[in-house]
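So the chains spell out like this:
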Amino acid sequence: MHIKLATTALLLLVFSLPVAAQDFKVTLLGTGDPIPRIDRFGPATLVEVGGQELLFDVGRGASQRLVQMNIALSALDAVFLTHFHHDHLVGLPDLWMTGWIPPPFGRRSVPFEVWGPTGTASLLKNLEEAFALNTSIRIPDELLPPAGIEMIAHEFDADGVVYEKDGVKVTAFAVNHGELIKPAYGYRIDYDDRAVIISGDTRFDKNLIAAAKGADLIVHEVALASDELLASSEQFRRIVAHHTTPEEAGIVFAEIAPKLAVYTHLVMLSSRTIPEAPLHSLITRTRTNYNGPLVIGEDLMSFIVDDTVSISRAAR
Ligand SMILES: [Zn+2]
Ligand SMILES: [Zn+2]
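Residues numbered from 1 in each chain as written. Chains lettered and ligands numbered in written order. Predicted model: local features only at pLDDT ≥ 70, side-chain atom pairs only at ≥ 80, totals over all residues. Heavy atoms only, no water.

> In this structure, what is going on with the overall build of the protein chain? I would like to understand it.
A count of helices and strands for the protein chain gives 10 helices and 15 strands. Its C-alpha radius of gyration of 21 Å places the protein chain within 12% of the 20 Å reference for a compact globule of 316 residues. Over its C-alpha atoms, taken along the principal directions, the protein chain stretches across nearly 65 × 65 × 40 Å. Residues counted as buried form 50% of the 316 residues belonging to the protein chain. Long-range pairs, those at least 24 residues apart, make up 65% of the contacts in the protein chain between residues at least 6 apart in sequence. In the structure as shown, the protein chain presents an accessible area of about 14,800 Å², 58% of it carried by carbon and sulfur atoms. Separation of charge centres in the protein chain, based on 26 positive and 39 negative side chains, amounts to 4 Å. (Helix = DSSP H or I, 4+ residues; strand = E, 2+ residues; numbered from the N terminus. Rg over C-alpha atoms; globule rule 2.2 N^0.38 Å. Buried < 20%, exposed > 50% of the residue type's maximum accessible area, 1.4 Å probe, protein only. Contact = heavy atoms within 4.5 Å. Areas by Shrake-Rupley, 256 points an atom, 1.4 Å probe, with all protein chains shown as cover. Lys, Arg positive; Asp, Glu negative; His and termini not counted. Charge placed at Lys NZ, Arg CZ, Asp CG, Glu CD.)

This is the structure in structure tokens:
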């Protein structure tokens, strides 16, 4: 009897505690760059919002990370591409085709839909061509539905709303990833008076600051190289010039004042003789311009976007 009362009291306590709404959640599936590392997979960020599963970029290993989260590959509602550097795309054919085959994580029976800048339709068409034999073999051999391997491209060539469904709005905004690297876009996801920014790959860019006004969470790329490394190579100087330094990101974050700023797509350059800068220097160098909430992203780190933004780390 006493035990039952205590249990009831505990249950009441649990249910009366304020619980953060779980209807807007962001998970970093991959926080790396082109370097094939085991601890940081290629760039990919999952946004679970209003009951929809939206994926931004599909870097190497995105499908493994989704399955680690127990999310079926076929459960994605929409995939968005920021630009055409291969590290953001190489997981796309895997996700597309593996999400179609018979195991429980697959079984997609409706077309795979991808939003992205001009060039997306050509990419999808060429993937269909490259894997035409896989498609034509598996349909009769595994009795797979032809509709599940179809792809639909939704291309855009200017800033604006690119996706709107059941209160979820996705807006694309051009970013500056360098003179030769066009098109390149970032995304803003709005839902129920909350907003998340995905920077995409970009240098310091005022267009991003304007697009990100009032956002609760900013998921931003960053690049870091030591002065010694930069002095040693024109190629490294060019790479760093395509990205945002921690000091520059600090200016962006200070302008926007989000509830949380998160680093992803960590470009930590090194050479055979000059090592990577230590990870904590990302924080110390950002602090020269920004004192607000800041975290260095890890694969499978999640953020619940509510009145506050809280962090959780899945066991890997
Ligand atoms: Zn990149
Ligand atoms: Zn890039």
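> Explanation requested: the sheet that holds strand β14 (residues 301–305) in the structure shown.
Across a sheet, strands are paired by hydrogen bonds formed along the backbone, either parallel or antiparallel in direction. An order of β6-β5-β4-β3-β2-β1-β14-β15 is seen for the 8 strands of this open sheet, with the pairing classed as mixed. Lying at the two open borders of the sheet, with one neighbouring strand each, are β6 (151–156) and β15 (309–313). Across the sheet, the mean angle from the axis of one strand to that of its neighbour is 20°, orientation sign disregarded. Pairing geometry for strand β2 (residues 44–49) and strand β3 (residues 52–56), over 5 bridges, is antiparallel. Bridge pairing in β3 links L46 to L55. Lying over the sheet, helix α4 (residues 120–130) contacts β5 (112–117) and β6, oriented at roughly 160° with respect to β6. (Pairing = 2+ DSSP bridges. Axes fitted to C-alpha atoms, helices over the stretch in contact; angles between N-to-C directions.)

> So what exactly am I meant to see when it comes to the coordination of the zinc ion (ligand 1) here?
The expected angle between donors at a tetrahedral four-coordinate metal is 109.5 degrees. At an octahedral six-coordinate metal it is 90 or 180 degrees. Only D87 (OD), H88 (NE2), D201 (OD) and H265 (NE2) from the protein reach the zinc ion (ligand 1) as donors, at distances of 2.1 to 2.7 Å. Coordination geometry of the zinc ion (ligand 1): the 4 donor atoms subtend angles of 86 to 167° at the metal centre, consistent with an arrangement described as irregular. Between the donor residues of the zinc ion (ligand 1), the gaps in sequence give the motif D-H-x112-D-x63-H. For the pair the zinc ion (ligand 1) and the zinc ion (ligand 2), the metal-to-metal distance amounts to 3.3 Å, and D201 bridges them. Placement of the pair is D87 in the loop between β4 (78–80) and α3 (92–98) and H265 in strand β12 (residues 260–268), with a sequence separation of 178 residues. The class of D87 is buried, set by a relative accessible area of 6%. (Donors = N, O, S within 2.8 Å, 3.2 Å for Na, K, Ca; no water. Tetrahedral: all angles 85-135°; square planar, octahedral: opposite > 155°, others 65-115°.)

> Mind showing me how you'd approach the pairing of strand β1 (residues 24–30) here?
On any regular strand, side chains alternate: one points to one face of the sheet, the next to the other face. Within β1, 6 of the 7 residues are buried, which leaves the element mostly enclosed by the surrounding structure. Of the strand pairs in this sheet, β1 and β2 are connected by 6 bridges, and their pairing is antiparallel. In the sheet register, T27 faces β2, and the bridge partner there is L46. As judged from the 3 bridges shared by β1 and β14, these two strands associate in the antiparallel manner. Across the sheet, residue K25 finds its bridge partner in β14, namely I304.

> Just to check I follow, could you spell out the coordination of the zinc ion (ligand 2) for this structure?
Of the protein atoms, only H83 (NE2), H85 (ND1), H177 (NE2) and D201 (OD) coordinate the zinc ion (ligand 2), at distances of 2.1 to 2.3 Å. Coordination at the zinc ion (ligand 2) is irregular, judged from the 4 donor atoms that bind it and the angles of 94 to 158° they form at the metal. Positions of the donor residues of the zinc ion (ligand 2), expressed as sequence spacing, correspond to H-x1-H-x91-H-x23-D. Since its relative accessible area comes to 3%, D201 is described here as buried.

> I would appreciate a short explanation of the pattern of salt bridges in the present structure.
Two side chains carrying opposite charge are able to pair once their charged atoms lie near each other. Counted under the stated rule, the structure contains 12 salt bridges. Between R188 and D190 there is a salt bridge; the shortest N-O distance is 2.8 Å. As far as burial versus exposure is concerned, R188 and D190 are alike and both buried. With its nearest N and O atoms 3.4 Å apart, the salt bridge here joins R313 to E298. Residue R313 is located in strand β15, and its partner E298 is located in the loop between β13 (294–296) and β14; the two are separated by 15 residues in the primary sequence. Overall, R313 belongs to the exposed group, its relative accessible area being 54%. (Salt bridge = Lys/Arg side-chain N within 4 Å of Asp/Glu carboxyl O.)

> Sorry if this is basic, but what is going on with unusual backbone geometry here?
As a rule of thumb, non-glycine residues mostly have phi less than zero, and peptide bonds are mostly trans rather than cis. Here the bond from K182 into P183 is cis, since omega is -5°, no more than 30 degrees from zero. Tracing the chain through its elements places P183 in the loop between β8 (168–174) and β9 (185–191). Even without glycine at this site, N70 takes up a positive phi of about 65°. A residue is classified by how much of its surface remains accessible, and N70, at 74% relative accessible area, is exposed. Positioned with a positive phi, R107 is a non-glycine residue whose angle comes to about 70°.

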